[in-house]
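# Tertiary structure, described
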Amino acid sequence: MNLKITLFVLLTGASCSAFAQSSQSKSMARHSDQAELRQNAYSQLPLGAIKPAGWLREMLIRQKNGATGSLDKLYPLVMNERNGWLGGDGDQWERGPYWIDGLLPLAYILQDSGLIAKAKPWVEWAINSQQPDGYFGPLKDYPGERGLQRDNSRDWWPKMVMLKILKQYYSATGDQRVISVLTNYFRYQLKELPKTPLDHWTYWAKFRAGDNLMVVYWLYRITGDAFLLELGDLLHKQTFDYSNAFLNTDMLSRQGSIHCVNLAQGIKEPLIYYQHHPEKRFVDAVKKGFRDLDKYNGMAHGLYGGDEALHGNNPTQGSELCSAVEMMFSLESMLEITGETEFADRLEKIAFNALPAQTTDNYMERQYFQQANQVMATRHVRNFADNHGGTDVCYGLLSGYPCCTSNMHQGWPKFTQNLWYTTADKGLAALVYSPSEVTALVAGDKKVTLKEETNYPFDESIRFTLSMDDKKNTVIFPLHLRIPSWCRQGIVKINGKEFQKADSAAIVKINRNWKSGDVVELTLPMHIYQNKWHENSISVERGPLTYALKIGQEMKRIENKKDPVEYGSYYYEVRPTTPWNYSLFQIAADKMDLHFQFEKKSATTNYPWNLENAPVMIKTKARRIPSWGLYNETAGQVPYSMIYNMEVSKEEEEVVLVPYGCTKLRISQFPVVGRK
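Residues numbered from 1 in each chain as written. Predicted model: local features only at pLDDT ≥ 70, side-chain atom pairs only at ≥ 80, totals over all residues. Heavy atoms only, no water.

In spatial order, the strands read 2-8-9-10-15-12-13; together these seven strands make up an open sheet with antiparallel pairing. The sheet is open, and its two borders are formed by strand 2 (50-52) and strand 13 (497-503), each paired with just one other strand. Each strand of the sheet is rotated relative to its neighbour by a mean of 20°, with strand direction disregarded. Relative to strand 9 (residues 446-454), strand 8 (residues 436-442) runs antiparallel, the two being bridged by seven bridges. (Pairing = 2+ DSSP bridges. Helix = DSSP H or I, 4+ residues; strand = E, 2+ residues; numbered from the N terminus. Axes fitted to C-alpha atoms, helices over the stretch in contact; angles between N-to-C directions.)

Listed below in structure tokens is the structure:
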């Protein structure tokens, strides 16, 4: 059975996606007149319709060849046949589903038979595990065993991850068993939740039920079953009240008030619920939540201090890798629902800065926490709310805590899946940018392909070329393009002629009669600017990229004989080989180009995310602060800007800044020692 399904997907290729898209489009249209759910601004395409190219494809190939494609071999204690989500007596909580939540979209995006075959048994077991009452998943608890989580089989939370997996699997294959399993399970939830609420077993489901609610509403758009809306209201009622917390409490200004990953997942819940109850307060709550998160906890990489509880905006506080990928998914969901460009801006900031910095080039190791100012990645207890043997900033397979080992895989595949959307006006939208190609139906049933050629986010030009099977045909449909908030004015050309200049934070809609060979060129002029952070430190940014000090680094493999079950048999430490304690000058906005020299390098590889391959850099003048040194193998407290009579070196030095995502060691939030 598994082999037959795998061969079907491979042989049919794009036609499988086309079938899923056609099926999905018909079901969406069948219930589009239902007043109970609002029309979302955009809709996801079937999994497999979007193909990565250029550097993005290279990232996914490295995932395939790295930990994503081989976690069953690298982490057999949890991911082997003993896993409870394969029917075994081993780990049966979140880690197995976490892995598949990234492996499955990677497999179908790449149309890789080996990866599909690896993900398929997990899907099949989940589907076949359904009980007569609708329950699915592991059934039996087991005594504790070192390195495993196997005593909460009935917990609502891990099943929420599997719901996302089944939704994606249906998107890729159109397998109707998914609809049946989810319908039965949601009936079971409606019956059981009043007796055993979300926080009955553990507290995680109460904070993360937005994922559950998202799939309930997705299924309703397909089946129109009225009970799903009743379940949605029940789930929302039992979920932590993020709207009230953001609008009416000081939660986001209080350190330790909420778990960092709960926040990353839960912040979308008000907007998920907004689909059924389109009240402005839900939008207002999320936007205020982000503003307060930035103000009290924000950092230059696009995330926030959370190690693991919310921990302020000092640039040496940690930010968890799970927070990065979960916040990306939340932003993707918010963008689809609202069409608000600010969610796309935040998504790109995390994807192009925080995410690549937290994994190794071969995608075999990762950090549990990263620091915005990170000058040593060594085994040492730091000022984090949670410490795991001091391994939290080391690069390893299991360093820190293994949830990120399992969960990191969803970041790039889901980012790829959200590069393109269909629109309510039967067109296509490119709202976040990376090299890719999409094949989709527009104007109802006309198939088109759009090829996106770019080296964004390093370059400011993006070229879209349209093609159709019948070169003589034309088709009328709208193409939506986003102008980011950092771009002062975007320029759109069609077939070499200027079509429109557009202000920042706008959606350009090109509604025209298209023919095969039409070319749209989007230019997003990038300028260098500074943002202010903790203790008035500054970051240097250009477009969606934050730039960080280029620090010489020495990476050393450490064999771990002390506690290998908990933190892995090895990990890597990274130490600096060049100075890091530099301060920058405050530069007026109209003089940035005089004091910051932007340079491009000729591309020699499709992989840009390391010091050697960084395709862009900024050179500027800086002065060292001799008193700014290490504390607990971490950069000491960033000096307040500006301290009167701060002792600095007499000489100005030229320093090189590179994209944050290319670094393992860095200063990205600099003290200021003067103005120019």
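There is more to say, and it comes next.
Let us now look at the sheet that holds strand 6 (residues 420-423). On the basis of which strands lie adjacent, the open sheet formed by five strands has the order 1-6-7-11-14 and mixed pairing. Each edge of the open sheet is held by one strand with a lone partner, namely strand 1 (42-44) and strand 14 (506-515). Pairs of neighbouring strands in the sheet enclose a mean axial angle of 35°, with direction left out of account. Pairing of strand 7 (residues 428-430) with strand 11 (residues 474-483) involves three bridges; the strand directions are parallel. Bridging from a neighbouring strand, Leu-428 pairs with Leu-479 of strand 11. Where helix 18 (residues 341-357) meets the sheet, it contacts strand 11 and strand 14, and its direction lies at approximately 65° from that of strand 11. (Contact = heavy atoms within 4.5 Å.)

With respect to the secondary-structure elements, Phe-343 resides in helix 18. Separated by 56 residues in the primary sequence, Phe-343 and Lys-287 have C-alpha atoms spaced 9.5 Å apart. When neighbours within four sequence positions are excluded, Phe-343 is seen to be in contact with Leu-271, Val-286, Phe-290, Leu-331, Met-334, Leu-335 and Thr-338.

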